[in-house]
There are 2 protein chains.
Amino acid sequence: MDVTQRLAHNLRRLRQRKGWSQEEFAFRADIHRTYVSDLERGARNPTITVVDRLAMALDVKLGELLD
Amino acid sequence: MDVTQRLAHNLRRLRQRKGWSQEEFAFRADIHRTYVSDLERGARNPTITVVDRLAMALDVKLGELLD
DNA sequence: GTGTGACTTTCAGTCCGTG
DNA sequence: GCACGGACTGAAAGTCACA
């Protein structure tokens, strides 16, 4: 499984654990709502700065999203 | 320290531990030599697919490069 | 063996909407 | 609340010559 798919599954799992909608998650990470949707479907290849913001919003390490 | 700087330092440290030049590392990761130079100086904001290739070449987890 | 500026092409990332 | 599309702008990908 490639890294964008691993990210996709980790994002969805961790977001749902927080009980957030994609929209609320997007707001907290300061990322556009539609982009979060794309990421959770594995349809995008984000930069590390974006993934860093996602990790901070979820309060996890980058490795937990990507490994 | 931001994520591109953390990546920069981790890359240089792990590459040197392997005893590789930037050129040899670049070849192994299938990335251009000057791009590796840019990354080790924190001058680029790469996508996760690029960092994934770097991690595989170094035989480490993504988290070891970014956390 | 490495750093750097300049460059073109590709795609990250945003914003509008629809079912 | 989410998937998905179209259109757009800025930035990343990828390469080169030269110091």
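Residues numbered from 1 in each chain as written. Chains lettered and ligands numbered in written order. Predicted model: local features only at pLDDT ≥ 70, side-chain atom pairs only at ≥ 80, totals over all residues. Heavy atoms only, no water.

Let's shift gears to the overall build of chain A. A tally of regular secondary structure across chain A gives five helices and zero strands. Taken along its principal axes, the extent of the C-alpha atoms in chain A is 25 × 20 × 20 Å. Looking at the 67 residues of chain A, the share that counts as buried comes to 51%. A total accessible area of about 3600 Å² is found for chain A, and carbon and sulfur atoms account for 45% of it. Placing the 12 positive and 10 negative side-chain charges of chain A at their respective mean positions leaves the two points 3 Å apart. (Helix = DSSP H or I, 4+ residues; strand = E, 2+ residues; numbered from the N terminus. Buried < 20%, exposed > 50% of the residue type's maximum accessible area, 1.4 Å probe, protein only. Areas by Shrake-Rupley, 256 points an atom, 1.4 Å probe, with all protein chains shown as cover. Lys, Arg positive; Asp, Glu negative; His and termini not counted. Charge placed at Lys NZ, Arg CZ, Asp CG, Glu CD.)

Once that is clear, we can look at the relation of the copies chain A and chain B. It takes a turn of 180° to lay chain A on chain B, together with a shift of 0.1 Å along the axis; the resulting RMSD is 0.1 Å. Taken together, these values place the two copies in the relation of a two-fold axis. (Least-squares fit on C-alpha atoms with pLDDT ≥ 70 in both.)

Moving on to the nonpolar core. Within the largest apolar cluster, 44 residues are counted, with the highest numbers of intra-cluster contacts made by A:Leu65, A:Leu66, B:Leu65 and B:Leu66. Once residues within four sequence positions are removed from consideration, B:Leu65 is found in contact with B:Arg6, B:Leu7, B:Asn10, B:Leu11, B:Leu14, B:Val51, B:Leu54, B:Ala55, B:Leu58 and B:Val60. (Core = buried A, V, L, I, M, F, W, Y, C linked by side-chain atoms within 4.5 Å. Contact = heavy atoms within 4.5 Å.)

All right, on to the protein's contact with DNA strand D then. In the region of DNA strand D, 19 residues are neighbours, and A:Arg12, A:Gln22, A:Arg41, B:Tyr35 and B:Thr47 sit closest. Restricting the count to atoms of DNA strand D within 4 Å of the protein gives a sugar and phosphate share of 64%. In the environment of DNA strand D, a phosphate oxygen lies 3.1 Å from a nitrogen or oxygen atom belonging to the side chain of A:Ser37. In this structure, A:Arg41 approaches DNA strand D through a side-chain N or O atom, which is 3.0 Å from a phosphate oxygen. Elements that contribute at least two residues to the surface near DNA strand D include exactly helix H1 (3-18) and helix H3 (33-40) of chain A together with helix H3 (33-40) and helix H4 (48-58) of chain B. (Near = heavy atom within 4 Å. Polar contact = N/O pair within 3.5 Å; in protein donor to acceptor, adjacent residues only side chain to side chain.)

Look at the UniProt record and you will see "domain: HTH cro/C1-type" (unreviewed entry) annotated at residues 11-65 of chain A. The span residues 11-65 of chain A carries 71% helix and 0% strand; its end-to-end C-alpha distance comes to 7 Å. (UniProt positions renumbered as here; feature names shortened; annotations may be inferred.)

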